[in-house]
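Read off the chains here:
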There are 2 protein chains.
Amino acid sequence: MSQPATDPKRRPRGAMRQRILDVALQLFIDQGYEATSLREIAERLDVSKAALYYHFEQKAEILIALHLRLHEVGLHVAKRLDDLDTGADPVKAWLSLLDEFIENLKANRDLLLLHQRNMQAIRQIVSEAHENQAEHEEMEERIRRVLSDPRIPLRTRVRMGCALGAVIGTLLDIDSMFAGVSIDELAVLVREAARDLLA
Amino acid sequence: MSQPATDPKRRPRGAMRQRILDVALQLFIDQGYEATSLREIAERLDVSKAALYYHFEQKAEILIALHLRLHEVGLHVAKRLDDLDTGADPVKAWLSLLDEFIENLKANRDLLLLHQRNMQAIRQIVSEAHENQAEHEEMEERIRRVLSDPRIPLRTRVRMGCALGAVIGTLLDIDSMFAGVSIDELAVLVREAARDLLA
DNA sequence: GTCTATATTTCGATAGAC
DNA sequence: GTCTATCGAAATATAGAC
């Protein structure tokens, strides 16, 4: 009903939309969302500013679209959070959450970088967009809840947080930290360190 | 010669300047540098926009002043980095660097938050201000150099990075992670975890 | 779908009185 | 040191032709 009535096999559907998102993602990571103008995005794509408005009603929608991409990717990690809520050994569950997270990070480092470097803008825009629906609870929120769960000893919770911090700190900004080392090689070592932390 | 000719004992010297910096710091942390207008800062201080320009020639100077504050604070940590360069046991040196860092973080969490959340803006503005002088090498740069030093086994370097990530990840955004736990209590546990990581 | 205008708003910054 | 008033630039967004 709501799908466009064109042949679904005719592929370049929304191709321009994707190109916009790709360029915006790079610029938002490098300069930040607020510091990036639609003019810049349009110039890189060699189209006019107005062309962008055919694909997105507002600038904020570009950021939201990218944020949603990350959200889909994060669903697997969220599943592991459910395990944590439903009993089971929290340390074990956390370790497999970290594994899932590392895989996600390897495959979508740019989206996570976007999130890390534009949290303020994303928070503000998303909260305005959903108004008060509360709809999907943010993964961060759920992580915070686990780390505040009094049923888990504080010492353990802190180490869970440390392990997560270690993963993010070493694998996300890899280029500026361990330039030249492959991410896979790093991931193995970090995973091992996280395990030691929670042993 | 260049000092103002007023009585140096008459204290509220630059009091307004400090109030501006304090308000700006809070807003830059909450909303980001680019998303914060001088109008907002002026409103919070209940002065006019133009008043701000008596104390700072440009908006960017406010950010630079805050960045310099952080720089002074970071000098102690930088000393520990020297130890790392001049031989000695890198693991031991790293641990005492982390201790110094944790103390700094406890005393100046807001400045570090500012830095973490406005890296892009700071980088761009600072690089424009110093043009090509290269003057003071940024601490991050020095940390990266240590973590790339081939004389230290990769496994050790990764763990050094993990330990730093653990400290930052758990102690910097403390309010959103371990709400309700005192930072001192947390710091003890994180310090211990870092030591285990590098054991 | 993309273009050339243009409207509208807001921002950083300045001039000059007090 | 602070104000009012204003400037010029740049940003988001829209109108309407093609």
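Residues numbered from 1 in each chain as written. Chains lettered and ligands numbered in written order. Predicted model: local features only at pLDDT ≥ 70, side-chain atom pairs only at ≥ 80, totals over all residues. Heavy atoms only, no water.

## Some remarks on the overall build of chain A
Rule in force here: The secondary structure listing takes helices from DSSP runs of H or I that are at least 4 residues long and strands from runs of E that are at least 2 residues long, numbered from the N terminus. The cut-offs for exposure are 20% and 50% of the maximum accessible area for each residue type, with area from a 1.4 Å probe on protein chains only; residues under the lower value are buried, those over the upper are exposed, and the others partly exposed. Contacts are residue-level and defined by heavy atoms, with any inter-residue pair within 4.5 Å sufficient. Areas reported as accessible are Shrake-Rupley estimates using a 1.4 Å probe. Residue values count occlusion only from the protein chains shown. Residues counted as positive are Lys and Arg, residues counted as negative are Asp and Glu, and His and the chain ends are not counted. Where a charge lies is defined by one atom per residue type, namely NZ (Lys), CZ (Arg), CG (Asp) and CD (Glu).
Along the backbone of chain A there are twelve helices and zero strands. Seen along its three principal axes, the alpha-carbon backbone of chain A occupies a region of about 55 × 45 × 35 Å. Counting only residues that meet the buried cut, chain A has 46% of its 199 residues in that class. For chain A, the share of sequence-separated contacts (at least 6 apart) that also reach a separation of at least 24 residues comes to 66%. For chain A, the exposed surface amounts to about 10,800 Å²; the carbon and sulfur share of it is 51%. One way to put it: in chain A the 27 positive side-chain charges average out to a point 2 Å from where the 32 negative ones average out.

## Some details on the packing of helix 9 (residues 139–147) of chain B against helix 10 (residues 154–171) of chain B
Residue and element names in this part refer to chain B. Here is the rule we go by: Fitting a line to C-alpha atoms yields each axis, with helices limited to the stretch in contact; the angle taken between N-to-C directions then spans 0 to 180 degrees. Under the scheme applied here, ten amino acids are nonpolar (Ala, Val, Leu, Ile, Met, Phe, Trp, Tyr, Cys and Pro), four are charged (Asp, Glu, Lys and Arg), and all others, including Gly, are polar.
Close contact between helix 9 and helix 10 brings their axes to 9 Å; oriented N to C, the two are set at 145°. Listed contacts from helix 10 to Ile143, Val146 and Leu147 of helix 9 are Arg157, Met160, Gly161 and Leu164. The residue makeup of the contact of helix 9 with helix 10, split by class, is five nonpolar, one polar and one charged.

## Brief notes about helix 4 (residues 59–73) of chain A
In plain terms, the rule: Every helix has an expected span of 1.5 Å times one less than the residues it contains.
Between the first and last C-alpha of helix 4 of chain A there are 22 Å, a value that for 15 residues agrees with the 21 Å anticipated at 1.5 Å per step. Those residues of helix 4 of chain A that are buried are in contact with helix 1 (15–31), helix 2 (38–45), helix 5 (75–85), helix 6 (90–107), helix 7 (109–117) and helix 8 (119–129) of chain A.

## Brief notes about the relation of the copies chain B and chain A
The line we're drawing: Here the copies were fitted onto each other by least squares, based on C-alpha atoms from residues at pLDDT of at least 70 in both.
Note on the identical chains: chain B maps onto chain A by a rotation of 180° and an axial translation of 0.0 Å, with an RMSD of 0.0 Å. Seen this way, the second copy is the image of the first under a two-fold rotation axis. Here 100% of the interface residues in chain B have copies in chain A that are interface residues too; the copies meet face to matching face.

## A closer look at the interface of chain B and chain A
Convention followed: When two components associate, each loses some accessible surface as probed by a 1.4 Å sphere; the sum of these losses over both components is called the buried area. By definition here, a salt bridge exists when the distance from a side-chain nitrogen of Lys or Arg to a carboxyl oxygen of Asp or Glu is within 4 Å.
Counting residues at the interface gives 38 residues for chain B and 38 residues for chain A. Counting each side, the surface lost to burial between chain B and chain A is near 3,000 Å², with a carbon and sulfur contribution of 67%. Three residues, Gln120, Met177 and Phe178 of chain B, lead the burial of chain B against chain A; their summed loss comes to 20% of the area buried on that side. Across the contact surface, chain B and chain A share six salt bridges.

## Things to note about the protein's contact with DNA strand C
The condition that has to hold: When at least one non-hydrogen atom of a residue lies within 4 Å of a molecule or strand, that residue is treated as near it. Pairing of N or O atoms within 3.5 Å defines a polar contact, subject to two protein rules: one partner must be a possible hydrogen donor and the other a possible acceptor, and residues neighboring in sequence count only if both atoms are side-chain atoms.
As a matter of local geometry, DNA strand C sits amid 16 residues, with Ser48 and His55 of chain A together with Leu38, Tyr53 and Lys59 of chain B nearest to it. Each atom of DNA strand C within 4 Å of the protein was assigned to sugar, phosphate or base; sugar and phosphate come to 56%. A distance of 3.2 Å separates a base nitrogen of DNA strand C from a polar atom in the side chain of Lys49 of chain B. Here Tyr53 of chain B contributes a side-chain N or O atom positioned 3.2 Å from a phosphate oxygen of DNA strand C. Top contributing element to the surface near DNA strand C by residue count: helix 3 (residues 49–55) of chain A, with four residues. Of the residues belonging to the surface near DNA strand C, the class tally is eight nonpolar, five polar and three charged.

## Points about the environment of Leu63 of chain A
Residue and element names in this part refer to chain A. Mapped onto the elements, Leu63 comes out in helix 4. As a C-alpha pair, Leu63 and Phe28 span 35 residues in sequence and 8.7 Å in three-dimensional space. When near neighbours in sequence (up to four residues on either side) are disregarded, Leu63 contacts Phe28, Tyr33, Leu114, Ala121, Ile122 and Ile125.

## Digging into unusual backbone geometry
Residue and element names in this part refer to chain A. One non-glycine residue, Asp46, adopts positive backbone phi at about 60°. Take Asp46: it is sitting in the loop between helix 2 and helix 3. For Asp46, a relative accessible area of 69% translates into the label exposed.

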